[in-house]
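# Close look at the chain arrangement
Here is what each chain is made of, one letter per residue.
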Amino acid sequence: YHHISVELTGEIMADLDEQPVAEQIAPVNAALKEHLVQTAELVHLDETGAWVAGKLHWFHVARTSMLTHLELNARRGVKAHDEIGLLPRRTGYVVHDDDASYFSPA
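None of these values were measured; they are calculated from a predicted model. (Residues numbered from 1 in each chain as written. Predicted model: local features only at pLDDT ≥ 70, side-chain atom pairs only at ≥ 80, totals over all residues. Heavy atoms only, no water.)

Before going further, it helps to spend a moment on the packing of aromatic side chains. In this structure the tally under the stated criterion is zero aromatic pairs. Residue placement shows R76 over the ring face of W58; its charged tip is 4.8 Å from the ring centre. (Phe/Tyr/Trp six-rings, centres within 6.5 Å; stacked < 30°, edge-to-face > 60°. Lys NZ or Arg CZ within 6 Å of the ring centre and 35° of its normal.)

Structure, rendered in structure tokens:
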């Protein structure tokens, strides 16, 4: 809602509660990505641009009916998919906007 990054949210929470939030959610985030790679459920993939420090970056989304994973990357396309590591490992069905990068082999 407020477009606050995970890193900044972690800093705020650490300042308020003296808890390293980013460290606590890292295993949850990794498990979510692994679930999205392995689930038989259809996974929807998309990306949208966002300005970060005056430069265009991309929020990549992978979601099912119950789970959503967002990841910010400076890139869009095959290199971003490789860096995020979800699409190249996924063998199940995906729905996307027909961008050519979704058809490129890993």
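Here we come to the pattern of salt bridges. Two side chains with opposite charge may pair up if their charged atoms get near one another. Within this structure, the stated rule accounts for five salt bridges. Residue E71 is joined to K33 by a salt bridge in which the shortest nitrogen-to-oxygen separation is 3.2 Å. Residue E71 is located in strand β3 (residues 68–73), and its partner K33 is located in helix α2 (residues 21–38); the two are separated by 38 residues in the primary sequence. Between E47 and R76 there is a salt bridge; the shortest N-O distance is 3.0 Å. Placement of E47 in strand β1 (residues 43–52) and of R76 in the loop between β3 and α3 (78–84) is noted, with a sequence separation of 29 residues between them. A relative accessible area of 10% places E47 in the buried class. Among the ionic contacts, a cluster of salt bridges with common partners joins E47, R76 and D99. (Salt bridge = Lys/Arg side-chain N within 4 Å of Asp/Glu carboxyl O. Helix = DSSP H or I, 4+ residues; strand = E, 2+ residues; numbered from the N terminus. Buried < 20%, exposed > 50% of the residue type's maximum accessible area, 1.4 Å probe, protein only.)

Let us now look at the environment of A40. Tracing the sequence through the fold places A40 in the loop between α2 and β1. Placed 52 residues apart in sequence, A40 and G92 show a C-alpha to C-alpha distance of 6.0 Å.

So yeah, pure geometry; function would need other evidence.
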